[in-house]
Protein chains: 2
Amino acid sequence: MHPRDSQLTPSSARVRAAAQLGRRSSRRRTGRYLVEGPQCVRELLRWEPEQAEDVFVTRDFLDRAGEFSELLAESSVHAHLVSDAVVRAIADADTPPGIVAVARWQPAELQHALAGLGDGFGAVLSEVRDPGNLGTVIRAADAAGAAFVVVTDASVDVTNPKVVRSTAGSLHHIDVVTGVSFPDLRQATAGTVRLVAADGYASTQLPAAQLEGPHLWVFGNEARGLPDDQVAACDDAVAVPLYGRAESLNLGTAAAVCLYASAMRRAS
Amino acid sequence: MHPRDSQLTPSSARVRAAAQLGRRSSRRRTGRYLVEGPQCVRELLRWEPEQAEDVFVTRDFLDRAGEFSELLAESSVHAHLVSDAVVRAIADADTPPGIVAVARWQPAELQHALAGLGDGFGAVLSEVRDPGNLGTVIRAADAAGAAFVVVTDASVDVTNPKVVRSTAGSLHHIDVVTGVSFPDLRQATAGTVRLVAADGYASTQLPAAQLEGPHLWVFGNEARGLPDDQVAACDDAVAVPLYGRAESLNLGTAAAVCLYASAMRRAS
C-alpha cells in the first residue's frame, strides 16, 4: 500500500510493540521479527511480501530511495510514514536505517526442504552462537546456491536483529529450517542425504572430499567446532586445508569455502 | 624473560604510554602497536619474538595458561606481572584478555615480498575500511598459503587493535606490506606478476579464471568494491559466481573463496 502519514510517536503502542521485537521473548510470543535497513527490507518485499506486516519509513528515506515507493505500493504491507525518532525507537541498529519492517516468521519444514533437495546441497549450523557468524553463513549459503539452511535449536535465534542484518537480505531468499535438533536431522536424512561435517581435525581435506550427490555441510560452534558425537554421526568429515600457519579459519570464511567447493564442482 | 612482579598501576607512565597505542597517532609516532589476548600474543612470541617489547600479564592468566610461562622465559621480552586493572587500562577489547603486549611494527618491503613470490599468490587490500574485514582477509590469506598481503595506504591501519585481534595471530605469520599505493603496486608488478581484480561485475567467473603463475588478488572496499580505474589497471577481473539470489558476498567470505581457489588449484 502507498505509505500513509501516521501520527505514531515513539510512545505509541504499535511502535513500542515493534521495538519489543528486539527481544527474543517477544519474538517467540508474537511470531514476528524486525527487518532493518534498505537492503533487508527491499529483499523482504521482493521475495516474501506475504510475510511483511508493517513498514515504518521516513519521508526523507523515501525521497532518497525512489524504488521503495513502488515496492510498497505493490505490496499489501501497511506502510507508515513516520519520524526518524520512531524508526530509531524500533530499530536495533545504532545507525538509523530510515526504514524498518515487522514481518511474520515462517520457518521452512525440514521434510519439505529435504524433498526439494534433489541433487543439491545445503548447510546446517549446529550450536552457532554469534549472530554475525550465523548471518554470514546464511548469506554465503544463498550466494553458493544452497537449497536451504538448517539452524539447529541449540543455535542463536535466526530472527535476532543482528542475524537478520548480517544476512544482507539472504534470510528472505533461502529456506531456513529451525526448531530441529541434530539427532532429528540425522534421523531424517539417514540413508538418503549425506551429512558432511566441516571439521578442522578431519583426515579428508576439501580437495579430496566427495561432494557429488545430495549432501548437507554441517558447521559447528565458532570457538569449539562440532561436538565429537556429531562429527561421528555424520557420513563424512572434511577439513579445509591450512596451507599457511593459521590454526583455523573463522566460521564464515570456512563455510564459504566449503559451500563454494560444492557449488563449483556442480558448475564445472 | 621470566615475568617479574611489577608495581605498575593504570596511572604509571609505561602503562599510559601503552594504552595510548589504541590511537593511530601514537602508533605512528612510536612505531609500536598493541597485541591482545592469548592467541595473538602467543603467535607474536612464537613467530616474531624479536618484535615483542613488553608483555603485561596477570598472575591469574599465567596460572591458567601454563605454556606462556615457557614462551615468555624463552624470549627476551620484558614480561610484567600486573593487576587486571593494568591489562584493562591498556587493552582495547571490552572483554579483559588477561594478557597484552606492545610490539614494534615492521612492515615488509614490497620489492622483497615480490622477489620471494616465486610461483605463488598473494592478496592486496585496496581502500578497505572496516578493521574486522581487513583482519579476516589477512587470516584467510595466511590459511590459504598466500605469500604476503599488501594493504594499500588508502586502507584502515593494519596495526589498529581491532585488525590485529581479528587476524587471530595471522598478522605475525605472514608478511604484510604497507605504505604502498595502488599505482606503486601496479608499477612494481607490471610484466612480472598478474594482478587479478575481485570484481562482482566481471565477465570471467571464478571457475574459469586463469590462476596459474604468480598473481595477486586485489580486493576493494567492502561497500563500493574496487574503483573502475583500478579494475581496468589489473590484468584480469574475476567474479565469484552468485548461484543463488544474494547480490554479493561480504568481503571476508569472497576473499576466502578466491584465495582458496588459487590454493587448491596449486594443491591439485
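Structure's up top.
Note that this is a predicted model, so its numbers are computed, not measured.

Asks: Requested: an account of helix α10 (residues 182-189) of chain B, with residues and values cited.
Replies: Residues and elements named next belong to chain B. Among all positions of α10, only F182, L185, R186 and T189 are buried. Taken end-on, α10 shows its buried residues confined to a sector of 100°, consistent with a single buried face. Turned more than 90 degrees off the buried face of α10, the exposed positions are P183 and Q187. One or two residues past the end of α10 sits G191, with phi positive at roughly 80°.

Asks: Account for the pattern of salt bridges, with residues named and values stated.
Replies: Tallying each qualifying case throughout the model produces 34 salt bridges over all chains. With its nearest N and O atoms 2.5 Å apart, the salt bridge here joins R104 of chain A to E53 of chain A. With R104 of chain A in strand β5 (residues 99-104) and E53 of chain A in strand β3 (residues 52-57), this pair connects stretches of sequence that are 51 residues apart. A residue is classified by how much of its surface remains accessible, and R104 of chain A, at 29% relative accessible area, is partly exposed. One network of salt bridges, in which partners are shared, links R42, E43, R46 and E67 of chain A together with E247 of chain B.

Asks: How would you sum up the sheet that holds strand β8 (residues 175-180) of chain A? Please name residues and give values.
Replies: Residue and element names in this part refer to chain A. Read across the open sheet, the seven strands follow the order β8-β7-β6-β11-β9-β12-β10; overall the sheet is parallel. The open sheet has two edge strands, β8 and β10 (204-205), and neither has a second partner. The pairing of β10 with strand β12 (residues 236-239) spans two bridges and is parallel. Paired with T204 across the bridge in β12 is V238. Along the sheet, helix α8 (residues 131-143) contacts β6 (121-125), β7 (148-152) and β11 (215-219); its crossing angle with β6, the most-contacted strand, is approximately 175°. Lying over the sheet, helix α12 (residues 251-267) contacts β6, β9 (194-198) and β11, oriented at roughly 170° with respect to β11.

Asks: Describe the packing of helix α3 (residues 37-47) of chain B against helix α5 (residues 67-74) of chain B, and please don't skip the residues or the numbers.
Replies: Residues and elements named next belong to chain B. At their nearest, the axes of α3 and α5 sit 10 Å apart, and the two run at 35° to each other. Here α3 runs over α5; the crossing is left-handed. Between α3 and α5, the residues in contact are P38, V41, R42, L45 and R46 and E67, F68, L71 and L72, respectively. Residues of the contact of α3 with α5, tallied by class, amount to six nonpolar, no polar and three charged.

Asks: How would you sum up the relation of the copies chain B and chain A? Please name residues and give values.
Replies: Between chain B and chain A, which share one sequence, the superposing operator has a rotation angle of 180° and an axial displacement of 0.0 Å; the RMSD is 0.0 Å. Expressed as a symmetry operation, the mapping of one chain copy onto the other fits a two-fold axis. When you check the interface residues of chain B against chain A, 100% turn up at the interface there too, and the contact is symmetric in its surfaces.

Asks: Please provide a residue-by-residue account of the sheet that holds strand β1 (residues 4-5) of chain A, values included.
Replies: Residues and elements named next belong to chain A. With mixed pairing, the five strands of this open sheet are ordered in space as β1-β4-β3-β5-β2. Only two strands of the sheet have a single neighbouring strand rather than two, namely β1 and β2 (32-36). By the bridge criterion, five bridges tie β3 to β5 in an arrangement that is antiparallel. Among the inter-strand pairings, D54 is bridged to a residue of β5, identified as V102.

Basis of the calculations
Residues numbered from 1 in each chain as written. Chains lettered and ligands numbered in written order. Predicted model: local features only at pLDDT ≥ 70, side-chain atom pairs only at ≥ 80, totals over all residues. Heavy atoms only, no water. Buried < 20%, exposed > 50% of the residue type's maximum accessible area, 1.4 Å probe, protein only. Helix = DSSP H or I, 4+ residues; strand = E, 2+ residues; numbered from the N terminus. Arc of directions from axis to C-beta. Salt bridge = Lys/Arg side-chain N within 4 Å of Asp/Glu carboxyl O. Pairing = 2+ DSSP bridges. Contact = heavy atoms within 4.5 Å. Axes fitted to C-alpha atoms, helices over the stretch in contact; angles between N-to-C directions. Left-handed = near helix turned anticlockwise from the far one by under 90°. Nonpolar A, V, L, I, M, F, W, Y, C, P; charged D, E, K, R; others polar. Least-squares fit on C-alpha atoms with pLDDT ≥ 70 in both.

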